[in-house]
2 protein chains.
Amino acid sequence: MGNVIVAQSGGPTVAINASLAGVIEGALRSNYDKIYGSINGILGIKDDNIIDLSEIANSDSTFLQKLKTTPAMYLGSCRFKLPSADSGDPVYNTLFQQFSKYNIDAFFYIGGNDSMDTVDKLSAYAKSIDSHIRFIGIPKTIDNDLCITDHTPGFGSAAKYIATTTMEVIYDALIYNSPSVTIIEVMGRDAGWLTAATSLARNEYCCGPDLIYLPETPFNTELFIADLSRLLKEKTNIVVAVSEGIRDAAGKYISASTGTLDNFGHAQLSGAGKTLEYLVKDRLGVKVRSIEVNVLQRAAAHCASLTDQNESVEQGRHGVAFAEQGVTGAMVILKRTSNAPYTVEYSYAHIHDIANEAKEVPQNWINESHNWITQEMLDYLQPLVLGEPDLTYKNGLPVYVRR
Amino acid sequence: MGNVIVAQSGGPTVAINASLAGVIEGALRSNYDKIYGSINGILGIKDDNIIDLSEIANSDSTFLQKLKTTPAMYLGSCRFKLPSADSGDPVYNTLFQQFSKYNIDAFFYIGGNDSMDTVDKLSAYAKSIDSHIRFIGIPKTIDNDLCITDHTPGFGSAAKYIATTTMEVIYDALIYNSPSVTIIEVMGRDAGWLTAATSLARNEYCCGPDLIYLPETPFNTELFIADLSRLLKEKTNIVVAVSEGIRDAAGKYISASTGTLDNFGHAQLSGAGKTLEYLVKDRLGVKVRSIEVNVLQRAAAHCASLTDQNESVEQGRHGVAFAEQGVTGAMVILKRTSNAPYTVEYSYAHIHDIANEAKEVPQNWINESHNWITQEMLDYLQPLVLGEPDLTYKNGLPVYVRR
């Protein structure tokens, strides 16, 4: 058999290198020959920026274990959208000449929606020219918004970090005996999965968060203030989780521009958290603080979920196995077969049914008041954050691997 | 012998409960009888909000271990400044009546500068009325700005979290092959110790941060832009760490108000990071992002330093031992006796020499260009972040303990 090539694309997660390690492990055990890595996504193939991953993996016995726990993308990323497969664009010719040059039998693309779109187009083009090359997508996104698969690699680790951080922020918020509101802004422009994961912080030794607002339901500032006013009569310190993508009934982001200019003449953009902070200060007059967790939630490999890491590796391995079986134009998916005990099966789905579609939190997983989630959603989330990877530390910091 | 009472005050750290555990362990092994805890700092004594910690520790064998790894304050905090000891203020009479009521022989206050001021005043008042009660301060602050002691409990853990997070942010920033600037804003209004700890992220598998700016030297925006312009010619992705407290030569905070109003009519306050983000966008036109690490850096117990935790416990234990020896009006201090191997000794210093003084980063630990630190400072920082506490996890989250 020929060689395989793998690339990574889109925004970082903590588990995208675990999937890369899975592809390498799977290919090392397969009948495929060499394993190439394309630098900066599909651009590396186009621009001939390609490395030999078999060589790296074979020359350092600790490489794959370190890779599994390293955040972001070992191979780098890109944001490059292919033109449609029937566009006649010369980029397809360039890419397939490169595949020939490197004797590629299978291409694995680890990424989110846009990367699945690339896999979709490449497999469509391959079909149109009767190419034998297999194109497999391996999902990743902290947003958990890919269709058909039960959940996406990277989400469980981000959820674990968000839940842990929420719990720690709550401990931080509870120390004073004077009323306060703390607003945690979580990533997720259109899908509230990660914001919903703050709910996991509520347990027998942590009381919150008190309120959770997702982008899947319209955000009403008056109801928000009413929720807070009611709660402030019952307890002293309130902690709220909001998605960065919350919108009002007209679809306007709560994080809209304030229309004012800063010292340098730029329009100031306030995030949802900061905007609500000003609102609460104005309307309720209590001490209020907003926290934007920012990129930490997609990069905090020191707080990864072992379940997520293992599943990410497995999805990489299964991608290789499916390609060997002749599958193409497909994305590896997870099917949850049981919640308690938590079990999953690995399968694949036609990529065309996944690319460019987004999966929102179901309305019936959000409570009637639109300020908390249902037990069904908690049951869905809970298994995904279980387990802690065995990190190696050096000089007090986790050991990661870079190219 | 009589009883002891312990309280916590000021802002949270990850190690302040480890010191509380140390006080409890020390007192359990001492000749003291009961161990009381005052809720919300000194206010609990004033308002008779006091719990029996001996009972709690004796009834749950896992309590002290869980307490050592729990962030923030188990006993709650306060921000209450005592009037001067010779003011004749009735609060002193109230407090000392309470000490009598509970048959207190020693009072331990775990806190920062303000708490040491309280210990100073209480011991001065005790001396003025010939009271036998001993008053001992046990330090804590992520800012590391207490005098005389080598470093403060809580700082090592915050430094470990900041260094780990900086490394992960750098991995996140490096994935794209297009120029970018990432600005990490770190806590520390007047002292740059914690910002300097981002330097620990530079190692054989992490290239940054590229620039570090502390509040101890004037911040010059033109030199900052020049630093960035120069670096952007050498590398693609620049990561900068700035203290929230950086000021210009006139002493004006870079985080000054923009003088504009938001939707609700409030003046917008931009932090140093956000302000520099707008500046870089304006002047260099590259992709730029700022990250405010916020309260996570003082609350992230899931990423604590074992060295910090052990030293915090020891400082609690030694506080009890010093009180037994008759010491009063003192703060427990750490003396570094060697850097390699790292060794410390526990001692105490007169509290009056510590309270209300702040320790800045020495000028000769900052490089000539004022954009990085010296090897001497790296050697000082390195041992403080070593080791990882053995955390217990339940349902995927660390197990903490609350009152």
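1. Considerations on the domain arrangement of chain A
All names here are of chain A.
Stage number 1. Assigned domains of chain A: these are domain 1 (3-154 + 303-357 + 389-398) and domain 2 (155-299).
Stage number 2. Taking only C-alpha atoms, the centre of domain 1 and the centre of domain 2 are 34 Å apart.
Stage number 3. Taken together, the contact pairs 20 residues of domain 1 with 16 residues of domain 2.
Stage number 4. Residues belonging to the side of domain 1 that touches domain 2 are distributed by class as follows: 8 nonpolar, 9 polar and 3 charged.

2. Considerations on the sheet that holds strand β3 (residues 50-52) of chain B
All names here are of chain B.
Stage number 1. Within the open sheet, the 7 strands sit side by side as β3-β2-β1-β4-β5-β12-β13. Their pairing is mixed. Edge strands, defined here as strands with exactly one partner in the open sheet, are β3 and β13 (342-350). Going from strand to strand, the sheet's axes swing by 30° on average, the running direction of each strand aside.
Stage number 2. Of the pairings in the sheet, the one linking strand β4 (residues 104-111) to strand β5 (residues 134-139) comprises 6 bridges and is parallel in character.

3. Structural notes on the nonpolar core
Stage number 1. One finds A:L20, A:F108, A:A159, B:L20, B:F108, B:I136 and B:A159 to be the most contacted residues of the largest nonpolar core, which totals 254 residues.
Stage number 2. With residues near it in sequence (within four places) discarded, B:L20 still touches B:V6, B:Q8, B:L67, B:Y74, B:L75, B:I110 and B:G316.

4. A look at the pairing of strand β6 (residues 180-186) of chain A
Working note: regular strand, side chains alternate between the two faces of the sheet.
All names here are of chain A.
Stage number 1. Where burial is concerned, most of β6 is hidden: 6 out of the 7 residues are buried.
Stage number 2. Where β6 meets strand β8 (residues 237-243), 7 bridges bridge the pair, whose relative direction is parallel. Of the residues in β8, the one forming a bridge with T182 is V239.
Stage number 3. Relative to strand β11 (residues 287-292), β6 runs parallel, the two sharing 6 bridges. When the bridges of β11 are listed, S180 appears paired with K287.

5. Considering unusual backbone geometry
Stage number 1. A:A340 connects to A:P341 through a cis peptide bond whose omega is 0°.
Stage number 2. Tracing the backbone shows A:P341 in the loop between β12 (330-339) and β13 (342-350).
Stage number 3. Residue B:P209 follows B:G208 across a cis peptide bond; omega there is 0°.
Stage number 4. Looking at the element boundaries, B:P209 is found in the loop between α8 (193-196) and β7 (211-213).
Stage number 5. Even without a glycine there, the phi angle at A:I148 is positive, about 70°.
Stage number 6. Turning to its location among the elements, A:I148 is positioned in the loop between β5 (134-139) and α7 (155-173).

6. Points about the sheet that holds strand β7 (residues 211-213) of chain A
Residues and elements named next belong to chain A.
Stage number 1. One open sheet accounts for 4 strands, arranged β7-β8-β6-β11; its pairing is parallel. Two strands lie at the open edges of the sheet, namely β7 and β11, each paired on one side alone. Strand-to-strand, the axes of this sheet are offset by a mean angle of 15°, without reference to chain direction.
Stage number 2. Each of β6, β8 and β11 is contacted by helix α10 (residues 272-284), which is oriented at about 175° to β11, the strand it contacts most.

7. Section: the interface of chain B and chain A
Stage number 1. Of the residues lining the interface, 60 residues belong to chain B; the matching set on chain A comes to 60 residues.
Stage number 2. Among the secondary structure elements, those contributing two or more residues to the side of chain B that touches chain A are α7 (155-173), β9 (257-261), α10 (272-284), β11 (287-292), α11 (296-299) and β15 (397-398) of chain B.
Stage number 3. The element contributing the most residues to the side of chain B that touches chain A is α7(B), with 9 residues.
Stage number 4. Along the lines of polarity and charge, the residues of the side of chain B that touches chain A split into 31 nonpolar, 19 polar and 10 charged.

8. Remarks on helix α6 (residues 113-128) of chain B
Residue and element names in this part refer to chain B.
Stage number 1. If you check α6, its first and last C-alpha atoms are 23 Å apart, about what 16 residues at 1.5 Å a residue would give, namely 22 Å.
Stage number 2. Of all the residues in α6, the buried ones are S115, M116, D117, T118, V119, D120, K121, L122, S123, Y125 and A126.
Stage number 3. Check the buried side of α6 and you find it contacts α2 (42-46), α5 (90-101), β4, β5 and β12 (330-339).
Stage number 4. The first or second residue beyond α6 is D130, which carries a positive phi of 60°.

9. Considering the relation of the copies chain B and chain A
Stage number 1. Taken as rigid bodies, chain B and chain A are interconverted by a rotation of 180° and an axial shift of 0.0 Å, the fit giving an RMSD of 0.0 Å. Both chain copies can therefore be described as sitting about a two-fold axis.
Stage number 2. Interface overlap between copies is the fraction of interface residues in one copy that are interface residues in the other; for chain B against chain A it reaches 100%, indicating a shared surface.

10. Focus on the packing of helix α1 (residues 16-28) of chain A against helix α12 (residues 306-324) of chain A
Axes are the key here: two packed helices are described by the angle between their axes and the distance separating the axes.
Residue and element names in this part refer to chain A.
Stage number 1. Following both chains from N to C, one finds α1 and α12 inclined at 40°, their axes separated by 7 Å at the closest point. Taken together, the axes of α1 and α12 lie oblique to each other. α1 and α12 meet at a crossing whose hand is right-handed. Mapping the contact onto sequence places A18, S19, L20, A21, G22, V23, E25, G26 and A27 in α1 and Q309, S312, V313, E314, Q315, G316, R317, G319, V320 and A321 in α12.
Stage number 2. Its residues assigned to classes, the contact of α1 with α12 shows 8 nonpolar, 8 polar and 3 charged.

11. Concerning the environment of A:N177
Stage number 1. Structurally, the position occupied by A:N177 is in the loop between α7 and β6.
Stage number 2. For the pair A:N177 and A:K252, spaced 75 residues apart in the sequence, the C-alpha separation amounts to 36 Å.
Stage number 3. Other than its neighbours up to four places away in sequence, A:N177 contacts A:T236, B:N40 and B:G76.

12. Examining the environment of A:I24
Residue and element names in this part refer to chain A.
Stage number 1. If you trace the backbone, I24 turns up in helix α1.
Stage number 2. Linking I24 and K34, residues 10 residues apart in sequence, is a C-alpha distance of 9.7 Å.
Stage number 3. In this view, I24 contacts I35, L53, A57 and L64; residues no more than four positions away in its chain are not counted.

13. Brief notes about α12(A)
Residues and elements named next belong to chain A.
Stage number 1. Taking 1.5 Å as the rise per residue, α12 with 19 residues should run 27 Å; its terminal C-alpha atoms sit 27 Å apart, in good agreement.
Stage number 2. Of all the 19 residues making up α12, 15 are buried; the element is thus mostly covered by neighbouring parts of the structure.
Stage number 3. Remark: G326 follows α12 within two positions and exhibits a positive phi of approximately 100°.

How each quantity is defined
Along each chain, numbering runs from 1 in the same order as the chain's sequence is written. As a convention, the first chain written is A and the first ligand written is 1, with the rest following in written order. Two thresholds apply to this predicted model, a pLDDT of at least 70 for residue-level local features and 80 or more for giving and counting side-chain atom pairs, whereas whole-chain, interface and lining totals are computed over all residues. Here the bounds of each domain stem from an automatic or database domain assignment. The contact rule is simple: place each C-beta atom from the backbone, and if two of them lie within 7 Å, those residues are in contact. Asp, Glu, Lys and Arg are counted as charged, while Ala, Val, Leu, Ile, Met, Phe, Trp, Tyr, Cys and Pro are counted as nonpolar; the rest, among them Gly, fall into the polar class. In this description, strands pair whenever DSSP reports at least two bridges between them. Only DSSP runs of H or I with at least four residues qualify as helices, and only runs of E with at least two residues qualify as strands; both kinds are numbered from the N terminus onward. In this description, a line fitted to the C-alpha atoms serves as the axis of each element, helices being fitted only across the stretch in contact, and the angle between N-to-C directions of two axes falls anywhere from 0 to 180 degrees. Among buried residues, those of type Ala, Val, Leu, Ile, Met, Phe, Trp, Tyr and Cys that are joined through C-beta atoms within 7 Å form a set called a nonpolar core. Exposed residues have 12 or fewer other C-beta atoms within 10 Å of their own C-beta, buried residues have 20 or more, and partly exposed residues fall in between, where C-beta atoms are placed from the backbone. An expected span of 1.5 Å times one less than the residue number is assigned to each helix. C-alpha atoms of residues with pLDDT of at least 70 in both copies form the basis for the least-squares superposition of the copies. Should an angle lie under 35 degrees it is considered roughly parallel, over 145 roughly antiparallel, and from 65 to 115 roughly perpendicular; all remaining angles are considered oblique. Crossing handedness: left-handed means the near helix sits turned counterclockwise from the far one by under a right angle, and right-handed means the same turn made clockwise.

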